[in-house]
Amino acid sequence: MERRNKFVVVLASAFLFLVQSLLSTTCALHRDHFPPSFLFGTSTSAYQIEGAYQEGNKSLSNWDVFTHSQGMSFCIIHTCLFWFFHCAGGKIKDGSNGDVAADHYHIYMEDIGLMHSLGINSYRFSISWSRILPRGRYGKINPAGIAFYNNLIDSLLLRGIEPFVTLTHYDIPQELEDRYGAWLSPKIQKDFGYFAEVCFSKFGDRVKFWSTFNEPQMMVKNGYGTGEYPPMHRNKEFIAGHNAILSHATAVEIYRKRYQVKQQGMIGIVIFMCWFEPLRNNSLDFLAAQQVMSFQAAWFLDPIIHGDYPPEMRQALGSKLPTFSIKERRKLQYKLDFIGINHYTSLYVRDCTFSPCKSSRNIDESFIYTERNGIPIGKPTAMPNYYVVPYGIEEVVLYTMRRYNNTPMFITENGYAQSSNSSMTELLNDNDRVDSMRQYLTYLNNAMRKGADVRGYFVWSLIDNFEWLYGYTMRFGLHYVDYNTQKRAPKLSARWYEQFLHGVEVQHEHEQVDMI
Ligand code: NOJ
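Residues numbered from 1 in each chain as written. Predicted model: local features only at pLDDT ≥ 70, side-chain atom pairs only at ≥ 80, totals over all residues. Heavy atoms only, no water.

Looking at an unreviewed UniProt entry, one finds the protein named Beta-glucosidase, with Musa balbisiana as its source organism. Its UniProt record, at the heading Sequence similarities (unreviewed entry), says of the protein: "Belongs to the glycosyl hydrolase 1 family." (UniProt positions renumbered as here; feature names shortened; annotations may be inferred.)

Peer 1: Let's hear about the packing of helix 8 (residues 187-203) against helix 10 (residues 237-263): which residues, and what values?
Peer 2: Direction vectors running N to C along helix 8 and helix 10 enclose 30°, while the axes themselves pass 8 Å from each other. One element, helix 8, and the other, helix 10, form an angle in the roughly parallel class. Crossing of helix 8 over helix 10 shows right-handed handedness. Where helix 8 approaches helix 10, its residues Ile188, Gln189, Phe192, Gly193, Ala196, Glu197, Phe200 and Ser201 are matched on the opposing element by Asn243, Leu246, Ser247, His248, Thr250, Ala251, Ile254, Tyr255, Arg258, Tyr259 and Gln263. (Axes fitted to C-alpha atoms, helices over the stretch in contact; angles between N-to-C directions. Helix = DSSP H or I, 4+ residues; strand = E, 2+ residues; numbered from the N terminus. Parallel < 35°, antiparallel > 145°, perpendicular 65-115°, else oblique. Left-handed = near helix turned anticlockwise from the far one by under 90°. Contact = heavy atoms within 4.5 Å.)

Peer 1: Residues and numbers for the pattern of salt bridges, please.
Peer 2: Applying the stated rule across the entire model yields 25 salt bridges. Here lysine 221 makes a salt bridge to glutamate 237, at a shortest N to O gap of 3.4 Å. Here glutamate 237 lies in helix 10 and lysine 221 lies in helix 9 (residues 216-225), a separation of 16 residues in the sequence. In this structure, lysine 450 and glutamate 394 form a salt bridge, with 2.5 Å as the shortest nitrogen-oxygen distance. Of this pair, lysine 450 sits in the loop between helix 16 (431-449) and strand 18 (454-460) while glutamate 394 is found in helix 14 (residues 391-403), placing the two residues 56 residues apart along the sequence. The class of glutamate 394 is buried, set by a relative accessible area of 8%. In the salt-bridge network here, residues are joined through shared partners; they are Arg135, Glu175 and Arg179. (Salt bridge = Lys/Arg side-chain N within 4 Å of Asp/Glu carboxyl O. Buried < 20%, exposed > 50% of the residue type's maximum accessible area, 1.4 Å probe, protein only.)

Peer 1: Before we move on, could you go through the confidence of the model for the protein and cite the residues and values that matter?
Peer 2: Note: predicted coordinates in regions of low pLDDT should not be interpreted at a detailed level. Summary statistics for the protein give a mean pLDDT of 91 and a share of 87% for residues scoring 70 or more. The model gives residues 82-89 a pLDDT under 50, and that stretch makes 32 contacts with residues more than four places away or in other chains. (pLDDT = per-residue confidence, 0-100.)

Peer 1: Tell me about the environment of tyrosine 348, and please be specific about residues and values.
Peer 2: In this structure, tyrosine 348 sits in strand 10 (residues 346-351). The spatial distance from the C-alpha of tyrosine 348 to the C-alpha of proline 278 is 5.5 Å, given a sequence separation of 70 residues. Among residues more than four places away in sequence, those in contact with tyrosine 348 are Glu277, Pro278, Leu279, Phe367, Ile368, Tyr369, Thr370, Glu371, Arg372, Ile375 and Ile377.

Peer 1: With reference to specific residues and values, describe the nonpolar core.
Peer 2: Nonpolar side chains in soluble globular proteins tend to end up buried together. Counting residues in hydrophobic clusters, the biggest one holds 155 residues, and the most contacted among them are Trp183, Leu444 and Tyr497. The element contributing the most residues to this core is helix 11 (residues 283-306), with twelve residues. One finds Leu39, Phe209, Phe338 and Phe410 within the second-largest nonpolar core, a separate group that totals seven residues. (Core = buried A, V, L, I, M, F, W, Y, C linked by side-chain atoms within 4.5 Å.)

Peer 1: Outline the site of the ligand, listing residues and values.
Peer 2: Around the ligand, the structure places 13 residues, and the nearest of them are Gln48, His169, Glu413, Glu467 and Trp468. Within the side chain of glutamate 413, an N or O atom sits 2.8 Å from an oxygen atom of the ligand. At 2.5 Å, a side-chain N or O of glutamate 467 approaches an oxygen atom of the ligand. Out of a free accessible area of 290 Å², the ligand has 97% covered by protein chains. (Near = heavy atom within 4 Å. Polar contact = N/O pair within 3.5 Å; in protein donor to acceptor, adjacent residues only side chain to side chain. Areas by Shrake-Rupley, 256 points an atom, 1.4 Å probe, with all protein chains shown as cover.)

Peer 1: Report on the pairing of strand 7 (residues 266-272), specifying residues and quantitative values.
Peer 2: Across the seven residues of strand 7, seven count as buried, placing the element largely inside the fold. Note: strand 6 (residues 209-214) against strand 7, four bridges, orientation parallel. Each bridged residue has a counterpart across the sheet, and for phenylalanine 209 the counterpart in strand 7 is methionine 266. Here five bridges tie strand 7 to strand 9 (residues 338-342), and the two strands are oriented parallel to one another. In the sheet register, glycine 268 faces strand 9, and the bridge partner there is phenylalanine 338. (Pairing = 2+ DSSP bridges.)

Peer 1: Residue-level account of unusual backbone geometry, with values.
Peer 2: Of note, the amide linkage connecting proline 230 to proline 231 takes the cis form, showing an omega dihedral of 5°. Mapped onto the secondary structure, proline 231 falls in the loop between helix 9 and helix 10. With an omega dihedral of 15°, the bond running from tryptophan 460 to serine 461 counts as a cis peptide bond. Relative to the elements of secondary structure, serine 461 occurs in the loop between strand 18 and strand 19 (474-475). Residue glutamate 215 is not a glycine yet carries a positive backbone phi of 40°. Residue position: glutamate 215 is located in the loop between strand 6 and helix 9.

Peer 1: Would you mind going over helix 9 in detail, with residue names and values included?
Peer 2: With ten of ten residues buried, helix 9 lies mostly within the body of the structure. The set of residues buried in helix 9 consists of Pro216, Gln217, Met218, Met219, Val220, Lys221, Asn222, Gly223, Tyr224 and Gly225. Positive backbone phi, at 80°, marks glycine 227, one or two positions downstream of helix 9.

Peer 1: Can you break down empty space enclosed by the protein residue by residue, with the values?
Peer 2: Within the structure shown, the criterion is met by five cavities of 30 Å³ or more. Space inside the second largest cavity adds up to approximately 80 Å³. For the second largest cavity, the lining is made up of 13 residues, of which Asn62, Tyr170, Met219, Pro230 and Pro231 are closest to its centre. Where the lining of the second largest cavity is concerned, the elements lending two or more residues are helix 3 (62-68) and helix 9. (1 Å grid on protein atoms, 1.4 Å probe; cavity = no way out; pocket = protein on both sides within 12 Å on 5 of 7 lines; lining within 4 Å. Points joined across faces, edges and corners; volume = space filled by probe spheres on them.)

Peer 1: Describe the environment of glutamine 486, naming the residues involved and giving the relevant values.
Peer 2: Structurally, the position occupied by glutamine 486 is in the loop between strand 20 (479-482) and strand 21 (487-490). For glutamine 486, a relative accessible area of 11% translates into the label buried. Through-space distance from the C-alpha of glutamine 486 to that of aspartate 103 is 7.1 Å; in sequence the pair is 383 residues apart. With near-sequence residues (within four places) excluded, glutamine 486 lies in contact with Val100, Ala101, Ala102, Asp103, Ile107 and Val481.

Peer 1: So, the sheet that holds strand 1 (residues 39-43): which residues are in play, and what are the values?
Peer 2: In spatial order, the strands read 1-4-5-6-7-9-16-18; together these eight strands close into a barrel with parallel pairing. Shown here is a sheet whose adjacent strand axes are inclined to one another by a mean of 25°, direction ignored. Those strands touched by helix 8 are strand 5 (162-168), strand 6 and strand 7, and its axis lies near 160° from that of strand 5. Running over the sheet, helix 9 touches strand 6 and strand 7 and is turned about 45° from strand 7.

Peer 1: Could you give an account of the environment of threonine 226, with specific residues and numbers?
Peer 2: Within the secondary structure layout, threonine 226 lies in the loop between helix 9 and helix 10. The buried category is assigned to threonine 226, whose relative accessible area is 11%. Along the chain, threonine 226 and lysine 236 lie ten residues apart, while their C-alpha atoms are 8.8 Å from each other.

Structure (structure tokens):
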């Protein structure tokens, strides 16, 4: 009898396991797999969509000046701290700029309509510093700039969409560059603190999510390390990074001391995070992959959360890495409330410290590959070195959870690049983007089941927009933008996201959307 019972138990467990495995592989992704309070949104940034670069008393930003001086040729574009060479005649691949971009400044109400149709409950955007404070703290607050963001915020809230605001997404008033070299000078900390305070005081009664920076690593690496972004300095990324970290701390201190109790919001920072896999199955590559992770995310997050740069960086860089004075350490005590993760791709890493490498070395003595034995790490996209590797999102979230004691996280960007050279039918029927979103969300959900405190997911991007050094040559939008007419059209991915957010079981079947 006992043997029979045992047999039944074993059989039942096997059956349950089978059902579970079947469910996990065939079960459609559903909105209910995420908590009701979970933020589902889309992301944009001021320079990439607003346009109106000289309207409403806005001053020139560093990106306005940079894109308008298309002289010298630019080479290379980054991915995950590794530099791939990619040369063109001007700084921006198609010689374009953000003067008009997607003209969001004028048609933001229409864009809010798109958000409403999608059914998102949050929208991540950035504030153009030069619209609010055209001369930094050396001039007056610009009422037209304040009015624009007030209208945007109010209109979002009227549609039930929570504003999720980034203070700076690469663009700063050019005057700060001209006066003291922007992020190279500690003076920027005061300016950033002042800008942050203006934003908290003007908008903080309605904005409950603030991020100080978007991808500060990219801002300083490209602007002060390799010289591809403004202000085109080289080999000065660590000092610029140091000032950015302390500027974050300055803003958080102000928020904590004067606004947070009353306004009841959260403040964090948004970090670019790829996942790095060891190329070969050995401990050297494993260590190399860990080291690259430190140079990427921990560079900013360790000082903010643990009070100092990661030991791996200190060891590799020695005196090239600044040290925090006692006063600066005191500032770091204000930390953050959440970590924003921008995740797009995963890459392989090979050790170059102890093994000979054919190609030039990255700063952290490792080398990054996109293929193993001739097989790419994932499906390629239009952005060089961005591959669809859905499990990578689970890995970066679990890494962040472990290293930072499960600090609340938001996926502040995840997206898919299409080439603008594709046909209109291909652009609108973006099946690959749909597959990518569905798979990334599934793996994000896995990380949450394993205990990660993830509170939101934002697709990059609501609409096609100006993609920095690539100009308008690639498209990340859920909505297609015709830059001649500024008409928007939902792509298949917009329909898919909408269905998902409305609780429809979305087994994607590669449908068709009509041409506009
Ligand atoms: C991250 C940046 O924050 C955003 O500005 C950019 O457009 C996307 N990555 C896509 O490259």
